[in-house]
Amino acid sequence: MERQEPGRLPILKKILAFLKPHALGYAAGIIGIGFANFFMNVFLARILMDLTRGIMELSRQQLALTTEIMVGGTLFMVIWVFGSGRLLVFSIHRTVNDVRRALFEKYLDIPLGEIEQRHSGDLLSRSTTSLRQVSSLLMGEVQMFMNTAFSGIGSAVYMVRLDPRMGMAGILCGVVPLLVNLPFANPLRDAGMKYQETQATFTQRMSDLINGRDTIRHMNLTGYAAERAGESSRMVLRAGMRQVGVSAGRSVAGSISVLSSQAFFIYVSILGIQNPSLIPAAVAMVQLANPVRRLFGSMGGIIAAINTNMGGAQRVVEVLDLPGEPVRYARPEVSPEPGQTDMEAHQTELAAIATEGSEAGEPASAGPSRHLPHRLPGQATPWEIPVSVRGFDDLTPLRVSDLSFRYQRSDKPALTGVSFVLESGRRTALVGPSGGGKSTLVKLIMGLYPPTCGDVLAFGKSIYDTSLTDWRRLFSYVPQDAFLFAGTVYENILGGLDDPGPEKVEEAARLANAHEFIAALPDGYSSLVGERGATLSGGQRQRIAIARAILRDSPILLLDEATASLDTESEALVQDALDRLMANRTTLVVAHRLSTVREADEILVMAGGTVVERGRHAELMALCGTYSQLVEEGLGGKKTQDSV
Ligand SMILES: Nc1ncnc2c1ncn2[C@@H]1O[C@H](COP(=O)(O)OP(=O)(O)O)[C@@H](O)[C@H]1O
Ligand SMILES: [Mg+2]
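Residues numbered from 1 in each chain as written. Chains lettered and ligands numbered in written order. Predicted model: local features only at pLDDT ≥ 70, side-chain atom pairs only at ≥ 80, totals over all residues. Heavy atoms only, no water.

J.: Please clarify how the packing of helix H5 (residues 120–127) against helix H6 (residues 129–162) should be interpreted in this entry.
T.: To describe two helices that pack against each other, one gives the angle between their axes and the distance between the axes. Direction vectors running N to C along H5 and H6 enclose 20°, while the axes themselves pass 3 Å from each other. Between H5 and H6, the angle falls in the class roughly parallel. Here Ser125, Arg126 and Ser127 of H5 come into contact with H6, specifically with Thr129, Ser130 and Leu131. Looking at the contact of H5 with H6 residue by residue, the classes come out as one nonpolar, four polar and one charged. (Axes fitted to C-alpha atoms, helices over the stretch in contact; angles between N-to-C directions. Helix = DSSP H or I, 4+ residues; strand = E, 2+ residues; numbered from the N terminus. Parallel < 35°, antiparallel > 145°, perpendicular 65-115°, else oblique. Contact = heavy atoms within 4.5 Å. Nonpolar A, V, L, I, M, F, W, Y, C, P; charged D, E, K, R; others polar.)

J.: Looking at this structure, how should I read the confidence of the model for the protein?
T.: Detail in the predicted coordinates should be disregarded across regions flagged by low pLDDT. Overall, the predicted model of the protein reaches an average pLDDT of 84, with 88% of residues at or above 70. pLDDT under 50 marks residues 335–343. Its contacts with residues more than four places away, or in other chains, come to twelve contacts. A low-confidence stretch, residues 348–387 (pLDDT under 50), is modelled with 61 contacts involving residues beyond four sequence positions or located in other chains. (pLDDT = per-residue confidence, 0-100.)

J.: For this particular structure, what's the right way to read the site of ligand 1?
T.: Taken together, Glu116, Tyr407, Lys412, Ala414, Pro433, Ser434, Gly435, Gly436, Gly437, Lys438, Ser439 and Thr440 make up all the residues around ligand 1. In the environment of ligand 1, an oxygen atom lies 3.0 Å from a nitrogen or oxygen atom belonging to the backbone of Gly437. A distance of 2.9 Å separates an oxygen atom of ligand 1 from a polar atom in the backbone of Lys438. Computed on the free molecule, ligand 1 has an accessible area of 560 Å², of which 64% lies beneath the protein chains in the complex. A total of three residues in the shell around ligand 1 trace back to one element, the largest contributor, which is helix H14 (residues 438–445). Of the residues in the shell around ligand 1, the class split is three nonpolar, six polar and three charged. (Near = heavy atom within 4 Å. Polar contact = N/O pair within 3.5 Å; in protein donor to acceptor, adjacent residues only side chain to side chain. Areas by Shrake-Rupley, 256 points an atom, 1.4 Å probe, with all protein chains shown as cover.)

J.: What should I look at first to understand the packing of aromatic side chains in this one?
T.: Scanning the model with the defined rule gives twelve aromatic pairs in all. Each ring, one from Phe264 and one from Phe265, has its centre 6.3 Å from the other, and the planes form 55°; the classification is tilted. Their ring planes at 80° and their centres at 6.4 Å tell us that Tyr490 and Tyr525 sit as a pair that is edge-to-face. Of this pair, Tyr490 sits in helix H16 (residues 489–494) while Tyr525 is found in the loop between helix H18 (515–520) and helix H19 (538–552), placing the two residues 35 residues apart along the sequence. (Phe/Tyr/Trp six-rings, centres within 6.5 Å; stacked < 30°, edge-to-face > 60°.)

J.: Which parts of the structure should I look at to understand the layout of surface pockets?
T.: The method is simple in principle: a probe with the dimensions of a water molecule rolls over the atoms, and the space it marks as empty is what remains. Space inside the second largest pocket adds up to approximately 250 Å³. Taken together, 18 residues make up the lining of the second largest pocket; nearest its centre are Pro111, Gly113, Gln408, Tyr449 and Pro450. Looking at which element gives the most residues to the lining of the second largest pocket, the answer is helix H4 (residues 112–116), with three residues. When the residues that make up the lining of the second largest pocket are grouped by side-chain class, the tally is ten nonpolar, five polar and three charged. (1 Å grid on protein atoms, 1.4 Å probe; cavity = no way out; pocket = protein on both sides within 12 Å on 5 of 7 lines; lining within 4 Å. Points joined across faces, edges and corners; volume = space filled by probe spheres on them.)

J.: Explanation requested: the sheet that holds strand E4 (residues 453–458) in the structure shown.
T.: Across a sheet, paired strands are connected by hydrogen bonds in the backbone, their directions being either parallel or antiparallel. Taken together, the four strands give an open sheet; going across it, the order is E2-E1-E4-E5, and neighbouring strands pair in antiparallel fashion. The open sheet terminates on both sides in strands that have one partner only, identified here as strand E2 (415–422) and strand E5 (461–462). Bridge count between strand E1 (residues 398–405) and E2: five bridges; the pairing is antiparallel. Looking at E2, one finds that Arg399 is bridged to Val421. The strands touched by H14 are E1 and E2; relative to E1, the strand with the most contacts, the crossing angle is about 120°. (Pairing = 2+ DSSP bridges.)

J.: Sorry if this is basic, but what is going on with H19 here?
T.: Two residues of an α-helix separated by three or four positions point the same way, owing to the 3.6 residues in each turn. Taking 1.5 Å as the rise per residue, H19 with 15 residues should run 21 Å; its terminal C-alpha atoms sit 21 Å apart, in good agreement. Along H19, 13 of the 15 residues are buried, which leaves the element largely enclosed by surrounding structure. Two residues or fewer after H19 comes Asp553, characterised by a positive phi angle close to 50°. (Expected span 1.5 Å × (residues − 1). Buried < 20%, exposed > 50% of the residue type's maximum accessible area, 1.4 Å probe, protein only.)

J.: Just to check I follow, could you spell out the sheet that holds strand E9 (residues 602–607) for this structure?
T.: Taken together, the six strands give an open sheet; going across it, the order is E6-E7-E8-E3-E9-E10, and neighbouring strands pair in mixed fashion. The open sheet is flanked by strand E6 (475–478) and strand E10 (610–615), the only strands paired with a single partner. Ignoring strand direction, the axes of neighbouring strands in this sheet form an average angle of 20°. Here four bridges tie strand E3 (residues 427–431) to strand E8 (residues 586–590), and the two strands are oriented parallel to one another. If you follow Arg427 over to E8, its bridge partner there is Thr587.

J.: Can you walk me through a nonpolar patch on the surface in this structure?
T.: On the surface, Ile31, Phe35, Phe76, Trp80 and Val81 cluster together to form a nonpolar patch covering roughly 450 Å² of accessible area. Elements with a minimum of two residues in the nonpolar patch: helix H2 (23–57) and helix H3 (60–107). Ranked by residues supplied to the nonpolar patch, first place goes to H3 with three residues. Along the chain, Ile31 falls in helix H2. (Patch = residues over 30% accessible without salt bridge, like charges linked within 9 Å, V, L, I, M, F, W, Y side chains within 5 Å. Salt bridge = Lys/Arg side-chain N within 4 Å of Asp/Glu carboxyl O.)

J.: What should I look at first to understand empty space enclosed by the protein in this one?
T.: Tallied over the entire structure, the rule returns five cavities of 30 Å³ or more. Taken as a whole, the largest cavity encloses approximately 80 Å³ of empty space. Lining the largest cavity are 13 residues, and of these Ala562, Thr563, Gln575, Val589 and Val590 lie nearest its centre. Every element with two or more residues in the lining of the largest cavity is listed here: helix H20 (568–582) and E8. If you tally residues by element for the lining of the largest cavity, the top one is H20, at three residues.

This is the structure:
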């Protein structure tokens, strides 16, 4: 996140907004504890004064009375402090809980383009370390600030009232530590910020170590990884040392400033010698001088600590201030041609193919073509409109029209002017060299990113006219490496759907070739899959993902190299499950297996972010272009076993 220096006030305001609903308990707690502090000081001063007077007057009665007051007052204060402390701590925990919730809700809402630019370790540390700082800001420093202010100012007033001359002298001597502390405030804050930053970097390195464990081990990168983590750890050490250094400097200066209090004690002693009736007040002054000195002496430190923890609050607020995903994407302002709607443009395009087709002396629907949409012969079989697409008014599942996209911070487009149609119940295969834009296209279709221009229509309705939640419901998606949540196999197959009952779930698992291995797990469907499904093999994870897709039963199926990272044996099982999933379902499949591609009703060849060829297998082979070359190389890098 860019490190601009926003004012402290907006950050504080944002945090205080979270405190607002719990402000009553918080204020009562802070004031209660502050008052207790002030009261205890004045109370002790009074007791000391009375005791001294008792000693001077040799009055046992006075001593007995003072003892009673002392014990009674102290017991009362213990209960008082306990009550206020509870109020304070509860209100802070509730506030921090609200911030925590706002944070994770924000993480679920930040556009993917924004998240991708940040390291997960950084985002994580914002919800842990930084959040803890917010808590400590509210719990520690603000409380300390209020406490010190309360008892300091209260005692100062009491001192002046007790004896103006001694009181003023006490306050003057108390100011000295402030002057000594002042120069340390900024260095302390900077050292604190630096420490935070180095720790956040270290968290990122650690998260790389943990998440990249397989790569690190098999590539023998342990030395390299240890060096990187070690370097980061040394930075934390250095920043910590610097922080300790500055703190120590302040502490030494603070200790020296104690001399000013001692001067004050001597001064009141001299006044006591000159006028013995002032002795009780002088004794009380020694007690009261403490909070006054603390007021001036520790304010600098407290403010520095507030500043340090404000750094954490800032990191939290930065996340909270990120924009969320819109309800629906705004239609881009660039239109393909002025005065022409997307649909009209599409129709013009279709007309163009027809003309081109006849020029070549064959019907438009039969021949392959480069760079232009290709329609399959005949109308697709009418497909029953699933519940999730009621309100969509066309039978054509998907129409991608002149779609272009560029990733944030990328200077070259990942997709340029892609147009095609997914017909009902048909299979369309997407092939092409790595980096050609296939995955990007699939993600864009699902509405994971806002298109830069162009349109996607599902069942006749534009992505710009549909809420993202409704839109994403239209698709089932099986990526190359399916993500499983920490939880049971059962929960993972459900994938957040309402539970249709164990029979349905088992049926889906059977169709996905997953039932057998699940039943063989120690706890069957209740087995825990570990983080990201670490306890399962790649093929098993994919089959769970397929079961999930079967259960979800969305009208459009998107497969992105779902078998690419599997060994031959589990590939066969997964492929078998996929074939069942794809049967009669509108499917866009990014494929590297020739058999999948050959059976497709249409093949789109993507390279450099555009569709360079389209047609059926035989037609494309006859073109002797990119496709035939890809087939020769084994489609997308992975040599397949099937022969052409
Ligand atoms: N999250 C991303 N941020 C920036 N650029 C990306 C991102 N994902 C992919 N790209 C780039 O977009 C292009 C297309 O990538 P991709 O769609 O993954 O290709 P394919 O799936 O065909 O291999 C590549 O140049 C890739 O580097
Ligand atoms: Mg890909």
